[in-house]
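# Coordinate inspection notes
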Amino acid sequence: GTCLDSIEDFKQLIGDFPVDRGFYNLAFEGVASQVLFAMYIAAAEELGFSRSKLRGSAGADPIGSRLGFKVEVFPVEAELKLSADVLEFCVKNMPRWSAVGVGGFNCRGGGIDAVDEVGISLAAAIAYIEGGLERGLHVDECAPAISFFMASGIDFLEEVAKLRAARRMWARTL
């Protein structure tokens, strides 16, 4: 991990890396992920990069954090609202950014099986899209701003089947 306490820390982390051509994965959990995401944007802009050109993903998945890490900072309604805020901001200002990284991996680490991982991940993604729809966004704007981070266990065939089934169910859901 990296200690990031200020915009200056982010500017030092970015350094000479061309953040408008690379891909950053901000793997922060809980509500801190939104605060650190804002600091990342501010640092990139101070270094001369346009937020609309930044590419990457944030791990802002309060449902996955609750189930996988047992992290409960705020009531779930407030955390879902904050996730919808970030989703709306990214759809409108950062089209190349994945606003929500649904963490099935985190839930799996909390002790669930592959089937439950898919179910919880899809339910979480639907909840985030519903938050965007409530703000007047279209599903075709919200869906590309959501990514999935799934676990891969030791049973290779089960994991392949899980990922194929998840992909198919997600496509049908949309």
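Use the structure listed above.
Everything quoted here is computed from the prediction, not taken from an experiment. (Residues numbered from 1 in each chain as written. Predicted model: local features only at pLDDT ≥ 70, side-chain atom pairs only at ≥ 80, totals over all residues. Heavy atoms only, no water.)

With that settled, consider helix α8 (residues 156–173). With 18 residues, α8 should cover 26 Å at 1.5 Å per step; its first-to-last C-alpha distance of 26 Å lies within 8% of that length. Among the residues of α8, E159, K162, A166 and W170 are the ones counted as buried. Considered in projection along α8, the buried side chains sweep an arc of 55 degrees and stay on one side of the axis. Set apart from the buried face of α8 by more than 90 degrees, the exposed residues are L157, R164, R167, R168, A171 and R172. Tucked inside the fold, the buried residues of α8 contact α5 (104–109), α6 (114–133) and β5 (146–148). (Helix = DSSP H or I, 4+ residues; strand = E, 2+ residues; numbered from the N terminus. Expected span 1.5 Å × (residues − 1). Buried < 20%, exposed > 50% of the residue type's maximum accessible area, 1.4 Å probe, protein only. Arc of directions from axis to C-beta. Contact = heavy atoms within 4.5 Å.)

A few words on a positive patch on the surface. A cluster of basic side chains, namely R164, R167, R168 and R172, defines a positive patch on the protein surface. Topologically, R164 is positioned in helix α8. When its relative accessible area of 64% is taken as the criterion, R164 is described as exposed. (Patch = residues over 30% accessible without salt bridge, like charges linked within 9 Å, V, L, I, M, F, W, Y side chains within 5 Å. Areas by Shrake-Rupley, 256 points an atom, 1.4 Å probe, with all protein chains shown as cover. Salt bridge = Lys/Arg side-chain N within 4 Å of Asp/Glu carboxyl O. Lys, Arg positive; Asp, Glu negative; His and termini not counted. Charge placed at Lys NZ, Arg CZ, Asp CG, Glu CD.)

A word on the side chain of Q34. Looking at the element boundaries, Q34 is found in helix α2 (residues 32–46). Judged by relative accessible area, which is 10%, Q34 ranks as buried. Dropping the residues within four chain positions of it, Q34 is found in contact with A60, L82, S83 and V86.

Taken in spatial order, the three strands make up an open sheet running β1-β2-β3, and their pairing is parallel. Looking along the sheet, the strands with just one partner apiece sit at the ends: β1 (24–26) and β3 (97–98). Pairing of strand β2 (residues 56–58) with β3, which is carried by two bridges, proceeds in the parallel orientation. Each bridged residue has a counterpart across the sheet, and for S57 the counterpart in β3 is S98. (Pairing = 2+ DSSP bridges.)

Moving on: the packing of helix α4 (residues 76–93) against α6. Running from amino to carboxyl end, α4 crosses α6 at an angle of 65 degrees, the nearest separation of the two axes being 9 Å. In this view, α4 runs roughly perpendicular relative to α6, as classed from their interaxial angle. In this structure, the crossing between α4 and α6 has a hand that is right-handed. Across the interface between the two elements, L80, S83, A84 and L87 of α4 pack against Y128, G131 and G132 of α6. Counted by class, the contact of α4 with α6 contains four nonpolar, three polar and no charged residues. (Axes fitted to C-alpha atoms, helices over the stretch in contact; angles between N-to-C directions. Parallel < 35°, antiparallel > 145°, perpendicular 65-115°, else oblique. Left-handed = near helix turned anticlockwise from the far one by under 90°. Nonpolar A, V, L, I, M, F, W, Y, C, P; charged D, E, K, R; others polar.)

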